[in-house]
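Chains, contacts and geometry: an overview
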Amino acid sequence: MATVRKIKTGTTTPKRDKTTASRPKKRALIFSMTYQPFVGGAEVAVREITDRVSKDEIEFHMITLRFDSALPEVEQIGNVLVHRIGFARPHPSPEGLKQFPLHLNKLYYQVAAALRASLLHRKYHYDATWAIMAHSAGVPAALFKMSHPQVPYLLTLQEGDPVEHIKRVMLPLYPLFVRAFKRADQLQAISTHLASWGTAMGFHGKPVVIPNGVDINRFSKEYPRRELEELKQKLDKKVNSIFLVTTSRLVEKNGIDTVIHALVKLPPQVSFLVLGEGPEEERLKALARNLGVMSRVRFLGHVPQKEIPKYLKVSEIFIRPSRSEGMGNSFIEAMASGTPVIATQVGGITDFIFDPDRNPDVKPTGLAVDVDDSAAVAEQVLRYSSDVLLRREITDNAHALVEARYDWKLIVRAMHEKVFTPLFSKTTARK
């Protein structure tokens, strides 16, 4: 499930019945356990894709969890008519989401979303359904598919957790979880790693790999020197300081503890900026105190998405030694900003991080380390610091790769040609 950081949507409940409006060419129902104002990589991807599709071509609806009783039950957000269900409380905190009754929402969604979909289908007559992440939305999509086999069903894999962990979580509903793969008419994955998992889980066709994208203009933007100097002053950055930075949820899989261990092996001018929140925060702070590096680790909490490019610009190295990763949007954002990356080559990261020593036949786009190897992290930090030519080569190659493969315009075009058009053609063929 995505991080529960809320953003302001600035939209209102629709005032007219969609069935009375002119019928678009196609109408699709999205299953997504969370959506704006709760944001993560998957939610950003859905918004970026749906906003770039004309309402006259495809009209999107969505069933998602409400959580916050201050949110309307029905709301138009961009090109998505959002239907919210589930238990809700006024403005719940991250801790409150784990308490009764909100902690029941994940299980509740598996069945309730399918039932709500059937009711909405009677009114809106959907031409396709689209499940975002198998472990959170695959079960209700599979249940709907079982009762409405004529409606084509697309499964998108965006998972970042280890496969074995996902399987353990889904054990109570495992037969239906498997059907989420077997019943899919199409499967789109954001990495080759996830595409292979989809096939292993029983998808019968050929998965389509289309990654998440990045707003290249925003992350490659050149800021006025004054703005960057103000941020450096705010962060108390000295002339010889070296800032490592990560933007991620503070969870075990992201390996933030490995970087904290590496600080012990690095000179005192190296500091670590941690942008993000999560359940591991207190444990990570305790680790930094115990290792004597707390003064060099800055836990900055939530930083608005629009501000992140500036933090990347004032940092020397982006680092996230992940233990697992479905893809990792933060890496792509850092590469677009011109900040060199240190990463593990696990999961979807192998699609875009190529190390000069481990991948000698490919232009290097980052430096790689093994999982839990803090000594290697320290070595690669020092390598970037001492080898200016290698640093420049890597950042140039990384930026070129992002422009060639990860621009949202390219992603949406691929979704049109390789996913939506073939999916809706199945509807036409069955009519």
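Description of the structure in this document. Model, not experiment: these values are computed from the prediction.

The rules behind each value
- Residues numbered from 1 in each chain as written.
- Predicted model: local features only at pLDDT ≥ 70, side-chain atom pairs only at ≥ 80, totals over all residues.
- Heavy atoms only, no water.
- Pairing = 2+ DSSP bridges.
- Helix = DSSP H or I, 4+ residues; strand = E, 2+ residues; numbered from the N terminus.
- Contact = heavy atoms within 4.5 Å.
- Buried < 20%, exposed > 50% of the residue type's maximum accessible area, 1.4 Å probe, protein only.
- Arc of directions from axis to C-beta.
- Expected span 1.5 Å × (residues − 1).
- Right-handed = clockwise from strand over helix to strand, strands pointing away.
- Core = buried A, V, L, I, M, F, W, Y, C linked by side-chain atoms within 4.5 Å.

Strand order in the open sheet made by the eight strands is E3-E4-E2-E1-E5-E6-E7-E8, with mixed pairing throughout. In this open sheet, the two edge strands, each paired with only one partner strand, are strand E3 (74-77) and strand E8 (208-209). Looking at chain direction, strand E5 (residues 128-132) and strand E6 (residues 153-157) are connected through four bridges and run parallel. Its bridge partner lying in E6, Ala 131 is registered against Leu 155.

Here we take up the environment of Ala 398. Relative to the helices and strands, Ala 398 is located in helix H14 (residues 388-405). Residues Ala 398 and Ala 141, 257 residues apart in the sequence, show an inter-C-alpha distance of 37 Å. Ala 398 has contacts with Met 335 and Thr 365, leaving out every residue within four places of it along the chain.

Restricting attention to buried positions, one finds in helix H10 (residues 281-290) the residues Glu 281, Leu 284, Lys 285, Leu 287 and Ala 288. Looking straight down H10, one finds its buried side chains confined to an arc of 160 degrees; they lie on one side. Opposite the buried face of H10, at more than 90 degrees from it, the exposed residues are Glu 282 and Asn 290. Elements in contact with the buried residues of H10: helix H9 (256-263) and strand E11 (297-301). In the stretch just after H10, Gly 292 is the one whose phi turns positive, near 75 degrees.

Taking 1.5 Å per residue, 18 residues should reach 26 Å; H14 reaches 26 Å between its end C-alpha atoms and fits that length. Of the residues making up H14, those classed as buried are Leu 390, Ile 394, Thr 395, Asn 397, Ala 398, Leu 401 and Val 402. Residues of H14 that are buried make contact with helix H7 (216-219), helix H12 (329-337), strand E14 (367-369) and helix H13 (374-386).

The buried fraction of strand E1 (residues 26-31) amounts to six of the six residues, a majority that puts the element mostly inside the structure. Covered by surrounding structure in E1 are Lys 26, Ala 28 and Ile 30 together with Arg 27, Leu 29 and Phe 31, the residues of both alternating faces. Note: E1 against strand E2 (residues 58-68), six bridges, orientation parallel. Among the inter-strand pairings, Ile 30 is bridged to a residue of E2, identified as Met 62. In terms of handedness, the path from E1 via helix H1 (residues 41-51) over to E2 forms a crossover that is right-handed. Pairing of E1 with E5 involves four bridges; the strand directions are parallel. Paired with Ala 28 across the strands is Ala 128, a residue of E5.

Moving on, we get to the nonpolar core. Counting residues in each nonpolar core, the largest one holds 80 residues, and the members touching the most others are Phe 31 and Phe 352. In contact with Phe 352, not counting residues within four places along its chain, are Met 327, Gly 328, Phe 331, Ile 332, Met 335, Thr 365, Leu 401 and Tyr 406.

Nothing here speaks to function; it is all geometry.
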